Amino acid sequence: MKTFLVTVLKLALVVMVALLVYELFPLLAVPLMAAVGVAMVVGGALTTGFAIIGVMGIGLVLSLAVVTLVVIGALSPLWIPLLMMVGLIALIRAACRRPEA
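Residues numbered from 1 in each chain as written. Predicted model: local features only at pLDDT ≥ 70, side-chain atom pairs only at ≥ 80, totals over all residues. Heavy atoms only, no water.

**Student:** How would you sum up the overall build of the protein chain? Please name residues and give values.
**Tutor:** A tally of helices and strands in the protein chain yields 2 helices and 0 strands. Here the C-alpha atoms of the protein chain give a radius of gyration of 35 Å, more than 25% beyond the 13 Å that 2.2 N^0.38 yields for 101 residues. Seen through its C-alpha atoms, the protein chain measures out along the principal axes to roughly 85 × 50 × 10 Å. Every one of the 101 residues in the protein chain was classed for burial, and the buried ones make up 1%. For the protein chain, the exposed surface amounts to about 9300 Å²; the carbon and sulfur share of it is 84%. (Helix = DSSP H or I, 4+ residues; strand = E, 2+ residues; numbered from the N terminus. Rg over C-alpha atoms; globule rule 2.2 N^0.38 Å. Buried < 20%, exposed > 50% of the residue type's maximum accessible area, 1.4 Å probe, protein only. Areas by Shrake-Rupley, 256 points an atom, 1.4 Å probe, with all protein chains shown as cover.)

So, in structure tokens, the structure goes:
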């Protein structure tokens, strides 16, 4: 009986809120439409700002990639022989190890 009473009270509360919204809709519609308009303007401004920042970010990432490739190319006389020596040492160490049984 108690759950039935709680359910009836919830239903009555929903009906009262629905009637209140129905009666006050003209008063609520004007501020609601103003809020939607403001949200659209702010959203458009944010979208434009994010697009500009995104384009600048892509340009920055691409320029950083170009600088990285130039530095790698300029230092290649140093790191290619070093990489070859490290690979040769690793190959010799792997060949000298005895297989574990």
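**Student:** Go over a nonpolar patch on the surface with me, naming the residues and quoting the values.
**Tutor:** Together, Val67, Leu69, Val71, Ile72, Leu75, Leu78, Trp79, Ile80, Leu83 and Met84 make up an exposed nonpolar region whose accessible area comes to about 980 Å². Mapped by element, the contributors of at least two residues to the nonpolar patch are α1 (2-74) and α2 (76-96). Take the nonpolar patch: its biggest share by element is 5 residues, from α2. (Patch = residues over 30% accessible without salt bridge, like charges linked within 9 Å, V, L, I, M, F, W, Y side chains within 5 Å. Salt bridge = Lys/Arg side-chain N within 4 Å of Asp/Glu carboxyl O.)

**Student:** Please give an account of the packing of α1 against α2 that cites residues and values.
**Tutor:** Axis separation between α1 and α2 bottoms out at 5 Å; the angle between their running directions is 65°. On the basis of their axis angle, the class for α1 and α2 is roughly perpendicular. Along the contact surface, α1 presents Ile72, Gly73 and Ala74, while α2 presents Ser76, Pro77 and Trp79. Classifying every residue of the contact of α1 with α2 gives 4 nonpolar, 2 polar and no charged. (Axes fitted to C-alpha atoms, helices over the stretch in contact; angles between N-to-C directions. Parallel < 35°, antiparallel > 145°, perpendicular 65-115°, else oblique. Contact = heavy atoms within 4.5 Å. Nonpolar A, V, L, I, M, F, W, Y, C, P; charged D, E, K, R; others polar.)

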